[in-house]
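Each chain is listed here by its residues.
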Amino acid sequence: MRSLKSFNKRMDEVYQEHMEEPKFKKMEYKLTELKAKGDAPKGGKCEFDAVGTMTIHGVSKPLTMPVTIEKGRPEGRTT
């Protein structure tokens, strides 16, 4: 929570106080499933719905969000 910044020091202090930052140090998303949207293309981008649970301030709720995954080169590889 401490790394979430608004670029306004006082606003950050108020936010962290209200979110009880010392007690709830992290926001967490746990992915449980990736649901493909349509057929997987050969190369290029694949679109999914990421299904999981978001926990903020000790409260967990289901959250589904769109995700695009694109094949890339391994680090350090040039060809």
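Residues numbered from 1 in each chain as written. Predicted model: local features only at pLDDT ≥ 70, side-chain atom pairs only at ≥ 80, totals over all residues. Heavy atoms only, no water.

K.L.:
Would you explain the confidence of the model for the protein chain in this entry?
P.N.:
Interpretation of this model should avoid reading the predicted coordinates in detail wherever pLDDT is low. Across the protein chain, the average pLDDT comes to 84, with 86% of residues at 70 or higher. Mean pLDDT across the elements of the protein chain bottoms out in helix α1 (residues 9-18) (85) and peaks in strand β1 (residues 28-36) (94). (pLDDT = per-residue confidence, 0-100. Helix = DSSP H or I, 4+ residues; strand = E, 2+ residues; numbered from the N terminus.)

K.L.:
Where do I start with the pattern of salt bridges in this structure?
P.N.:
Once the charged atoms of two side chains with opposite charge are near each other, the side chains can pair. In this structure the tally under the stated criterion is three salt bridges. Here Lys30 ties to Glu28 by a salt bridge, and the two come within 3.9 Å at their closest N and O atoms. Under the relative-accessibility criterion, Lys30 is labelled exposed at 51%. Ionic pairing is found between Asp49 and Lys37, a salt bridge with its closest N-O pair at 3.3 Å. Note that Asp49 is positioned in strand β2 (residues 45-56) and Lys37 in the loop between β1 and β2, a separation of twelve residues in sequence. Judged by relative accessible area, which is 39%, Lys37 ranks as partly exposed. (Salt bridge = Lys/Arg side-chain N within 4 Å of Asp/Glu carboxyl O. Buried < 20%, exposed > 50% of the residue type's maximum accessible area, 1.4 Å probe, protein only.)

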